[in-house]
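Structure at a glance
Letter by letter, the chains look like this.
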Amino acid sequence: MTRKRQRLILVLSGLAALGLATGLTLYALRDNLVFFYSPTQVVQHEVPVENRNIRIGGLVADGSVQRPAANTIHFAITDMVNTVNVTYTGLVPNLFKEGQGVVAEGRLGPDGTFLASQVLAKHDETYMPKEVIDALKASGQWKGN
Amino acid sequence: MANLHWLANPGRFLRIAAVVLPWLAAATAVLLAVGLWLALRAPQDATQGAPAKIMYMHVPSAILSMTIFGAMAFASAIALIWRHPLADIAAKASAAIGAGFTASCLITGSLWGRPSWGTFWVWDARLTSELILFFIYLGYIAIWQAIEDPQRASRAAAIVALAGSVNLPIIHYSVVWWNTLHQPPGLMQGRTDPSMAVPLLTLMGAFFLFYVTLLLWRMEREIVGRKIRQFRLLRAQA
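Note that the structure is a prediction, hence the values are computed from the model and not measured.

The rules we used
- Residues numbered from 1 in each chain as written.
- Chains lettered and ligands numbered in written order.
- Predicted model: local features only at pLDDT ≥ 70, side-chain atom pairs only at ≥ 80, totals over all residues.
- Helix = DSSP H or I, 4+ residues; strand = E, 2+ residues; numbered from the N terminus.
- Rg over C-alpha atoms; globule rule 2.2 N^0.38 Å.
- Buried ≥ 20, exposed ≤ 12 C-beta atoms within 10 Å, placed from the backbone.
- Contact = placed C-beta atoms within 7 Å.
- Nonpolar A, V, L, I, M, F, W, Y, C, P; charged D, E, K, R; others polar.
- pLDDT = per-residue confidence, 0-100.
- Domains from an automatic or database assignment.
- Pairing = 2+ DSSP bridges.
- Expected span 1.5 Å × (residues − 1).
- Bend = angle between axes of the 7 residues up to and from the residue.
- Axes fitted to C-alpha atoms, helices over the stretch in contact; angles between N-to-C directions.
- Parallel < 35°, antiparallel > 145°, perpendicular 65-115°, else oblique.
- Left-handed = near helix turned anticlockwise from the far one by under 90°.

Further remarks concern the overall build of chain A. Scanning chain A for helices and strands turns up four helices and five strands. Counting from the amino terminus, helix and strand elements in chain A follow one another as α-α-α-β-β-β-β-β-α. Here chain A has a C-alpha radius of gyration of 22 Å; the compact-globule value for 145 residues is 15 Å, and the former is much larger. C-alpha extents for chain A along the principal axes are approximately 75 × 50 × 25 Å. Evaluated residue by residue, chain A yields a buried proportion of 24% over its 145 residues.

Below, the structure is given as structure tokens:
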């Protein structure tokens, strides 16, 4: 019985030590583990942007999408507090539209415009058929956009 | 613990498994058929359209990939501490099944990511930690392959399973702790309409039964395999 006790304590303390070490490591690396920065972090210079590829994520600002040329698209990424203007040449994902989540990768130009090399759509965890959304909207209970 | 000791007898386990297995296999087949039928009939997601149907394979695979590793870590702890004779067999028999579900999760996720996000793969915290889980599974399997003596292999593998279990909360909370391209879980938060949640939950049940069926079958084979090994060793000594 006492050998079993010993092994139990050994396993539990080993797991606790490993968990603590992992937790501290992840906490120390937390700034590097994020996939994208918010427009506010970029506007307030909280991220190193000099000659570096970064990702900015947020929503495509309402009314911001312009297509001056066939393959070029201008839009703005917003977190409802700050906004970053983006220029991108290429195809955007099917889900890309105003009000939809988006993550753009690229570099911040000298004039504050973000020159994206890749644009990804980010969708939320709501899964509903169109009929249900229409019904919710009709009854005024719809909380999404 | 009394029940654990009652089941500790491999001979008794083999007798029970032989009776239970056909029923489990039949239940798996029925639930899988019902789940797939419900999933095919389920309405399309308003935002994502047809590609979101991949979730009926992706989400159960993802949940099983983590559940199975959790079960392996639990069985490994029991094997290490109480030396339960079936625990390390259960952990070993689970590994390949879990690795399969992890691969399925990664592949279906990738196929879903291309039409909805616009990319097959990104190195965000959720995708990366799930890929690491796959590598831990492979490492665990490799240890059993590399060490010939089952008792020594069992201890080394159990430590890998316990250490690897640290990754499970990281996978689960990755979408909460850090921002990721992957969306947070929506099933338990009521963000999934019942017309899609019911097929999803049915398939989760089917995948789980599939795991239990394969597990018992692989445990049977492992027990018999070890008996044959012991027999050969005894004969070589004689």
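Counting its secondary structure elements, chain B contains eight helices and zero strands. Its C-alpha atoms give chain B principal-axis dimensions of about 70 × 35 × 30 Å. For chain B, the proportion of its 238 residues judged to be buried stands at 38%. Considering only contacts within chain B whose residues lie at least 6 apart along the sequence, 79% involve residues at least 24 apart.

To continue, consider the interface of chain B and chain A. As a measure of interface size, the accessible area lost when the parts come together is often cited. Contacts between chain B and chain A engage 35 residues on the former and 33 residues on the latter. Looking at the side of chain B that touches chain A, the elements with two or more residues in it are helix 3 (55-82), helix 4 (87-116), helix 6 (150-164) and helix 8 (194-237) of chain B. Here the element with the most residues in the side of chain B that touches chain A is helix 3 of chain B; it accounts for four residues. Among the residues forming the side of chain B that touches chain A, the class breakdown is 19 nonpolar, twelve polar and four charged.

Looking now at the confidence of the model for chain B. In this model, chain B carries an average pLDDT of 92, and 97% of its residues clear a pLDDT of 70 or more. Scored by ipTM, the complex comes to 0.87, with pTM at 0.91.

Glancing now at the domain arrangement of chain A. Segmentation of chain A into domains returns domain 1 (2-31) and domain 2 (35-122). Placing a centre on the C-alpha atoms of domain 1 of chain A and another on those of domain 2 of chain A gives a separation of 41 Å.

Turning next to the pairing of strand 2 (residues 72-78) of chain A. Residue and element names in this part refer to chain A. Across the seven residues that make up strand 2, a large majority, five, are buried. Judged from the two bridges that link them, strand 1 (residues 54-60) and strand 2 form a sheet pairing that is antiparallel. Following the sheet pairing, Val60 is matched in strand 2 by Ile77. Here strand 2 runs beside strand 3 (residues 83-89); their pairing, made up of seven bridges, is antiparallel. When the sheet's bridge partners are listed, Ala76 is paired in strand 3 with Asn85. Between strand 2 and strand 3, which pair antiparallel and follow one another directly, the connecting turn spans four residues, one of which, Met80, has a positive phi of 75°.

For His45 of chain A, which is not glycine, the phi torsion reads 55° and is therefore positive. Position of His45 of chain A relative to the elements: it lies in the loop between helix 3 (39-43) and strand 1. Using a count of 8 C-beta atoms within 10 Å as the deciding quantity, one classes His45 of chain A as exposed. Unusually for a residue other than glycine, Arg83 of chain B sits at a positive phi of about 55°. In this structure Arg83 of chain B comes out as partly exposed when scored by C-beta crowding, with 15 C-beta atoms within 10 Å.

Here helix 2 (residues 10-41) of chain B contains 32 residues, and its C-alpha end-to-end distance of 44 Å stays within 8% of the 46 Å for a straight helix at 1.5 Å per residue. Helix geometry: helix 2 of chain B is bent most strongly at Val20 of chain B, by close to 35°, with proline Pro22 of chain B lying one to four residues after it.

So, on to the packing of helix 3 of chain B against helix 4 of chain B. All names here are of chain B. Across the interface, helix 3 lies against helix 4 with an axial gap of 7 Å and an inter-helix angle of 155°. Viewed along their axes, helix 3 and helix 4 adopt a mutual orientation that is roughly antiparallel. Two packed elements cross with a definite hand, and for helix 3 against helix 4 that hand is left-handed. Residue classes in the contact of helix 3 with helix 4 are distributed as 18 nonpolar, ten polar and one charged.

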